[in-house]
Amino acid sequence: MRFVNWAGNQAVVPAEVRTPASAGEVAQAVRDGAKAGRQVRMAGTGHSFTGVALTGGLLLRPNALTGILAYGNDWVRVAAGTPLHVLNQELDRRGLALANMGDVTAQTVAGAIQTGTHGTGREIGGLADQVIELELVLADGTITSVRDGDLFDAARVGLGALGVLTSVTFRVEPSFLLRSRREPMSFRAILTDLDALTGENEHLDFFWLPHTDTCLVKRNNRSPGPAAPPNPVRHWVDNVFLENTLFGLACAAGARFPGAIPWINGVSARLLSPSESVDTSYKIFTSVREVRFLEMEYAIPREHLGQALRETRDLVERMGWRISFPIEVRVTPPSGAWLSTAYGRDSAYIACHVYRATPNPEYFAAVEEIMTRLGGRPHWGKLHTRDADYLATVYPRFADFAKLRDELDPERIFGNAYLAGVLP
């Protein structure tokens, strides 16, 4: 059985595939893999652009490890293979919600936290920062649960290198509403008001359309209500037609006629208009993403965001590339997870995308040079060229993570080609 990721840029044919339905079956698979001399990896829904989940050995699929296992007033324990969109719906049925999340919901719970999915938040971090307990199978086949200590802080964003996650317990809270304001704003105005924008909004997300001076700014803040969901027609126009159907056609046209991309982006910028709604939090946090793309994203110290944006804009203008996809910007507070891209510092994220049919490695490489010069950390699930030598310079606990991995998995049962490049 051939495994192919969502973007279609990573594929593998494993020697064996299993679909365990319990932690015990995962443990047995790990023991069997070790006995056969096969590496063992758990692959989720394939939303990583890197080969972080791949193996030519024993590939575990999490389709049977799904559902809410237990919950209380402020916590929920969920099977590791549960897709985030299912978790959101099940929490909402119980009057509960995650405090923050990213905008993609096709990922599994385990895949999202293991690669550091983060969303955007002034005071509330990504999914790994909302985890209060992990259950995982170690390389010797034992099942363990951790709530604190070194293994907890290392395994929250563990890349699957320390064990196979079988369940995750999140801190949750009563369901709440978010007021979403979307409006176009000039790139120049954003640079001028950057500190105010990030300081005044609980969740700020903005997209710059290359070859224009226009950004789409999304401000999401808690609201006491009443709910005022978007008009169904307007919601379809903004989120389905403009951001997916029409955008996909524009990308296809740009791929065939690259010289038209600046004009197409200019038309897209003029089509943007303000909108506002109040709705259940997860409906505001999440977006529909149907157009396939390749992505690179870096986390940099928050104080360097303005400089990074200016340099990236100047780079695009100077090099003459034709970039159809917007560049996305988000922020998060410091994280305590050792390999979180936000570990120990207020962080800003700059994400560059290209249409899947028209990869542009030179664009990614040049932006990566800017980000690494500013102490950037690449998203573990998105394209980058950094190795263990570089990563050791930007993660204060990198050596501690490597030491713990040596203790728990000296035979590299959970290794693969990607981890061989990014870990010692």
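This text goes with the structure placed above it.
These numbers come from a predicted model, not from an experiment.

Chemist: Go over the packing of aromatic side chains with me, naming the residues and quoting the values.
Modeler: All chains considered together, the criterion is met by ten aromatic pairs. Ring geometry for Tyr363 and Phe364: centres 5.7 Å apart, planes at 40 degrees, overall tilted. Residues Tyr363 and Phe364 agree in their burial class; the two are buried. One aromatic cluster in this structure is built from Trp6, Phe49, Phe247, Phe293 and Phe325.

Chemist: Go over helix H2 (residues 84-93) with me, naming the residues and quoting the values.
Modeler: Looking only at H2, the buried set comprises Leu84, Leu87, Asn88 and Leu91. Axial view of H2: buried residues confined to an arc of 100 degrees, hence all on one face. At its buried positions, H2 is contacted by strand S6 (68-71), strand S7 (75-79), strand S8 (96-97), helix H3 (109-114), strand S11 (164-171) and helix H9 (281-285). Count one or two residues on from H2 and you reach Gly95, which has phi positive near 75 degrees.

Chemist: Tell me what's going on with the nonpolar core, and back it up with residues and numbers.
Modeler: Counting residues in each nonpolar core, the largest one holds 56 residues, and the members touching the most others are Leu134, Val168, Phe170 and Trp380. Within the second largest apolar cluster, 44 residues are counted, among which are Ala7, Phe49, Tyr355 and Tyr363.

Chemist: Before we move on, could you go through helix H13 (residues 398-408) and cite the residues and values that matter?
Modeler: For the α-helix, the turn length of 3.6 residues means that residues three or four positions removed from each other point alike. Residues of H13 that are buried: Phe398, Phe401, Ala402, Leu404 and Arg405. Around the axis of H13, the buried residues are gathered within 165 degrees of arc, so they sit on the same side. Exposed side chains of H13 directed beyond 90 degrees from the buried face belong to Ala399, Lys403 and Glu407. In this structure, the buried side of H13 is in contact with helix H4 (149-155), helix H12 (388-394) and helix H14 (417-422).

Chemist: Can you explain the packing of helix H10 (residues 305-319) against helix H11 (residues 361-373)? Please cite residues and give values.
Modeler: Contact pair H10 / H11: the axes reach a minimum separation of 10 Å and the direction vectors enclose 155 degrees. Comparing their axes, H11 and H10 come out roughly antiparallel. Between H10 and H11 the crossing geometry is right-handed. The segment H10 lies against H11, with Gln307, Ala308, Glu311, Thr312, Leu315 and Val316 engaging Tyr363, Ala366, Val367, Ile370, Met371 and Arg373.

Chemist: Requested: an account of the layout of surface pockets, with residues and values cited.
Modeler: There is about 170 Å³ of room inside the second largest pocket. In this structure, the second largest pocket is lined by 15 residues; those nearest its centre are Ile261, Arg322, Ile323, Ser324 and Thr358. Elements with a minimum of two residues in the lining of the second largest pocket: helix H7 (232-256) and strand S19 (347-355). Classifying every residue of the lining of the second largest pocket gives nine nonpolar, five polar and one charged.

Chemist: Lay out the pattern of salt bridges with the relevant residues and their values.
Modeler: Evaluated as defined, the whole model comprises 27 salt bridges. Arg313 serves as the salt-bridge partner of Asp314, at 3.3 Å between the closest nitrogen and oxygen. Assessed through its relative accessible area of 33%, Asp314 is described here as partly exposed. Between Arg373 and Glu369 there is a salt bridge, with its nearest N and O atoms 3.1 Å apart. Of this pair, Arg373 and Glu369 both sit in helix H11, four residues apart, which is roughly one turn of the helix. Taking the relative accessible area as the measure of exposure, Arg373 reaches 43% and is therefore partly exposed. The partly exposed category is assigned to Glu369, whose relative accessible area is 41%. Connected via shared salt-bridge partners are Glu295, Glu297, Glu328, Arg330 and Lys382.

About the cut-offs
- Residues numbered from 1 in each chain as written.
- Predicted model: local features only at pLDDT ≥ 70, side-chain atom pairs only at ≥ 80, totals over all residues.
- Heavy atoms only, no water.
- Phe/Tyr/Trp six-rings, centres within 6.5 Å; stacked < 30°, edge-to-face > 60°.
- Buried < 20%, exposed > 50% of the residue type's maximum accessible area, 1.4 Å probe, protein only.
- Helix = DSSP H or I, 4+ residues; strand = E, 2+ residues; numbered from the N terminus.
- Arc of directions from axis to C-beta.
- Contact = heavy atoms within 4.5 Å.
- Core = buried A, V, L, I, M, F, W, Y, C linked by side-chain atoms within 4.5 Å.
- Axes fitted to C-alpha atoms, helices over the stretch in contact; angles between N-to-C directions.
- Parallel < 35°, antiparallel > 145°, perpendicular 65-115°, else oblique.
- Left-handed = near helix turned anticlockwise from the far one by under 90°.
- 1 Å grid on protein atoms, 1.4 Å probe; cavity = no way out; pocket = protein on both sides within 12 Å on 5 of 7 lines; lining within 4 Å.
- Points joined across faces, edges and corners; volume = space filled by probe spheres on them.
- Nonpolar A, V, L, I, M, F, W, Y, C, P; charged D, E, K, R; others polar.
- Salt bridge = Lys/Arg side-chain N within 4 Å of Asp/Glu carboxyl O.

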